[in-house]
Amino acid sequence: MIFPVVMAGGTGSRLWPLSRDLMPKQFLKLNGQHTMLQATIGRLEGLDCSAPLVICNEEHRFIAAEQLRQIHQLDHNIILEPVGRNTAPAIALAAFTAVKKAQDPLLLVLAADHVIAQNDYFQTAVRQATVLAEQGLLVTFGIVPVSPETGYGYIRRASKLNEQFSAYKVGQFVEKPKREVAEQYLASGDYYWNSGMFMFRASVYLQQLKQFRPDIYAACELAMGEVNPDLDFIRVNSDAFLACPDDSVDYAVMEKTDAAVVVPLDAGWSDVGSWSSLWDISPKDLQDNVHQGDVLSVNSTGNFVLAETCLVATVGLENTVVVQTKDAVLVAAKDQVQNVKAVVQQLKAAERNEHKVHREVYRPWGHYDSIDSGARYQVKRICVKPGEKLSIQMHHHRAEHWIVVSGTAKVTVDGKESLLAENQSIYIPLGAVHALENPGKIPLELIEVQSGAYLGEDDIVRFSDRYGRV
């Protein structure tokens, strides 16, 4: 049986303003009805797989859990990294976990932020890799290149294993090349894009890691020696993992081992590394435009336009990216989108929040949308899922007024409970210990008006929280 490992860490900036630090692209719906994480797991349907193991950052844990819950794949199967240490340690954590859960399974290591258009070709490659991994080989999937791409690393193939398989010994891993070198790679036919996807037996990977990077092996073994179960999360020993060196699986193992093989994959793969690459893989109209949301176009060609919350109209626009979200708008020449990260850097330097979080923020109990704010007030629209409850808390600097829009709210203020229905409201004085709960069967929606001298999210003193937050 295949044990899927989905790496969902990282906080990329290349798809800003849709992608943010607290909502990176793997959790976004960029190419269909499912998020990229959900689509990655859905790609496995039809293969002989166990439930997936997802590895993500601590700050993304509730987003990952909710998205797994939506596709019925949540089962205490999310490893939380206290800090990012690259792919070699992440896979080691997964391998130690897999050995505990099963008897030395085959690990299929996938990235959560890839698009694969032809799933049948992907599954064929996985089945072929399964046979090779069962023989003790370490398999990487090499993407058959369609252009002299300078943004990817490459894998040079060596001799073919045998006539039975379309698989080759790995000759060399090479870094991102210059344009003229990439053109030579493409012309030779001996090079593949490095996909960052792998398959190998858990014990084989751990043995190879111990041989070539005993420091990483030891740190991860120690980190997994003191696992703290927490809801659907697997928390490793933080101090041990913080001491782990940072290294990729390519550098740590694949470039050093003599057991590395590459299986070619020609399945419409993309890592969606920019807005232009998303335009490349998206369906287009007769004017080569990609429109998502409420978009009108007049005499416009070759554009990517995404409207999240309002009408966006273009007139006479060519080869441009326009992305509208609730709190930011990006307008960029399609051939300049690689510089979007410079905008993010400016936002960070100015200590603004638009690089970090969306106006709409997800929590384990639901979500809220900051719809208006001023010097001493803030207005939020809050949605609480059925059966969920916010922490018992108090604020030092603000009072709150809640107005129920739909559903039923169970509100506790200084020990006194109240049930509120539509159009009813309640006042939470400054310093009052309070809690909000949805006891009903439908989502609870309410408007919260905060007023006070300081309205930051860190003005929360939690006395009790079912989700383990402090």
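A. Region of interest: the packing of aromatic side chains. A complete count under the given rule lists 11 aromatic pairs for this structure. Each ring, one from Phe 62 and one from Tyr 467, has its centre 6.2 Å from the other, and the planes form 75 degrees; the classification is edge-to-face. Within this pair, whereas Phe 62 is found in helix 2 (residues 61-70), its partner Tyr 467 is found in the segment after strand 30 (461-464), the two being separated by 405 residues in sequence. Across the pair, exposure class does not vary: Phe 62 and Tyr 467 are buried alike. Ring geometry for Phe 96 and Tyr 217: centres 5.4 Å apart, planes at 55 degrees, overall tilted. Linking Phe 96 in helix 3 (residues 87-101) with Tyr 217 in helix 7 (residues 214-225), this pair joins segments that are 121 residues apart in sequence.

B. Up close: the pattern of salt bridges. Inspection of the entire model under this criterion finds 20 salt bridges. Residue Asp 215 is joined to Arg 213 by a salt bridge in which the shortest nitrogen-to-oxygen separation is 2.9 Å. Judged by relative accessible area, which is 17%, Arg 213 ranks as buried. Among the ionic pairs, Lys 326 bridges to Glu 360, the shortest N-O distance being 3.5 Å.

C. Representation of the sheet that holds strand 21 (residues 366-373). Across the sheet, 6 strands lie side by side as 20-21-22-29-24-27; this open sheet has antiparallel pairing. Both edges of this open sheet fall to strand 20 (360-363) and strand 27 (425-428), since each of them pairs with a single strand only. The mean angle between the axes of side-by-side strands here comes to 20 degrees, regardless of whether they run parallel or antiparallel. Looking at chain direction, strand 21 and strand 22 (residues 377-384) are connected through 7 bridges and run antiparallel. Along strand 22, the bridge assignment pairs Asp 372 with Val 379.

D. Fine view of the nonpolar core. Counting residues in hydrophobic clusters, the biggest one holds 81 residues, and the most contacted among them are Leu 107, Phe 141, Met 197, Met 199 and Tyr 205. In terms of residues, this core owes the most to one element, helix 3, which gives 9 residues. Beyond its immediate sequence surroundings of up to four residues, Met 197 is in contact with Val 109, Leu 110, His 114, Ile 116, Phe 122, Val 139, Thr 140, Phe 141, Ile 143, Leu 265 and Trp 269.

E. Representation of the pairing of strand 1 (residues 2-7) within the structure. Of all 6 residues making up strand 1, 6 are buried, and the element is well covered by its neighbours. Every second residue of strand 1 is oriented toward a common face, with Ile 2, Pro 4 and Val 6 on one face and Phe 3, Val 5 and Met 7 on the other, all of them buried. Judged from the 6 bridges that link them, strand 1 and strand 4 (residues 106-111) form a sheet pairing that is parallel. Paired with Val 5 across the strands is Val 109, a residue of strand 4. In this sheet, strand 2 (residues 53-57) lies alongside strand 1 in parallel orientation, the contact comprising 3 bridges.

F. Here's a closer look at the environment of Cys 56. Among the structural elements, Cys 56 can be located in strand 2. A C-alpha to C-alpha distance of 4.8 Å links Cys 56 and Ala 8, two positions 48 residues apart in sequence. Those residues in contact with Cys 56 that lie beyond four places of it in its chain are Ala 8, Gly 9, Arg 61, Ala 64, Ile 78, Ile 79, Leu 80 and Glu 81.

G. Quick look at the sheet that holds strand 16 (residues 304-307). Across the sheet, 4 strands lie side by side as 14-16-18-19; this open sheet has mixed pairing. Only two strands of the sheet have a single neighbouring strand rather than two, namely strand 14 (290-292) and strand 19 (329-333). Taking the axes of each pair of neighbouring strands and ignoring which way they run, one obtains an average angle of 5 degrees across the sheet. The pairing of strand 14 with strand 16 spans 3 bridges and is classified as parallel. Across the sheet, residue Val 290 finds its bridge partner in strand 16, namely Phe 304.

H. Fine view of the environment of Ala 112. The topology assignment puts Ala 112 in the loop between strand 4 and strand 5 (115-116). Here the alpha-carbon distance between Ala 112 and Leu 347, two residues 235 residues apart in the chain, equals 26 Å. Apart from residues no more than four positions distant in its own chain, Ala 112 is found in contact with Val 6, Met 7, Ala 8, Gln 26, Met 36, Leu 37 and Thr 40.

I. Structural view of unusual backbone geometry. A cis amide bond links Trp 16 with the next residue in sequence, Pro 17, at an omega value of 10 degrees. In this fold, Pro 17 is placed in the loop between strand 1 and helix 1 (36-42). Although it is not a glycine, Asp 104 adopts a positive phi angle of roughly 50 degrees. The residue Asp 104 is located in the loop between helix 3 and strand 4 in this model. Unlike most non-glycine residues, Asn 299 shows phi in positive territory, near 50 degrees.

J. Focus on the packing of helix 3 against helix 7. At a minimum axis separation of 9 Å, helix 3 and helix 7 run at an interaxial angle of 50 degrees. In terms of orientation, helix 3 and helix 7 fall into the oblique class. Note on packing geometry: the crossing formed by helix 3 with helix 7 is right-handed. Judged by residue contacts, Ala 88, Pro 89, Ala 92, Leu 93, Phe 96, Thr 97 and Lys 100 of helix 3 engage Ile 216, Tyr 217, Cys 220, Glu 221, Ala 223 and Met 224 from helix 7. Here the contact of helix 3 with helix 7 is composed, by residue class, of 10 nonpolar, 1 polar and 2 charged.

Calculation notes
Residues numbered from 1 in each chain as written. Predicted model: local features only at pLDDT ≥ 70, side-chain atom pairs only at ≥ 80, totals over all residues. Heavy atoms only, no water. Phe/Tyr/Trp six-rings, centres within 6.5 Å; stacked < 30°, edge-to-face > 60°. Helix = DSSP H or I, 4+ residues; strand = E, 2+ residues; numbered from the N terminus. Buried < 20%, exposed > 50% of the residue type's maximum accessible area, 1.4 Å probe, protein only. Salt bridge = Lys/Arg side-chain N within 4 Å of Asp/Glu carboxyl O. Pairing = 2+ DSSP bridges. Axes fitted to C-alpha atoms, helices over the stretch in contact; angles between N-to-C directions. Core = buried A, V, L, I, M, F, W, Y, C linked by side-chain atoms within 4.5 Å. Contact = heavy atoms within 4.5 Å. Parallel < 35°, antiparallel > 145°, perpendicular 65-115°, else oblique. Left-handed = near helix turned anticlockwise from the far one by under 90°. Nonpolar A, V, L, I, M, F, W, Y, C, P; charged D, E, K, R; others polar.

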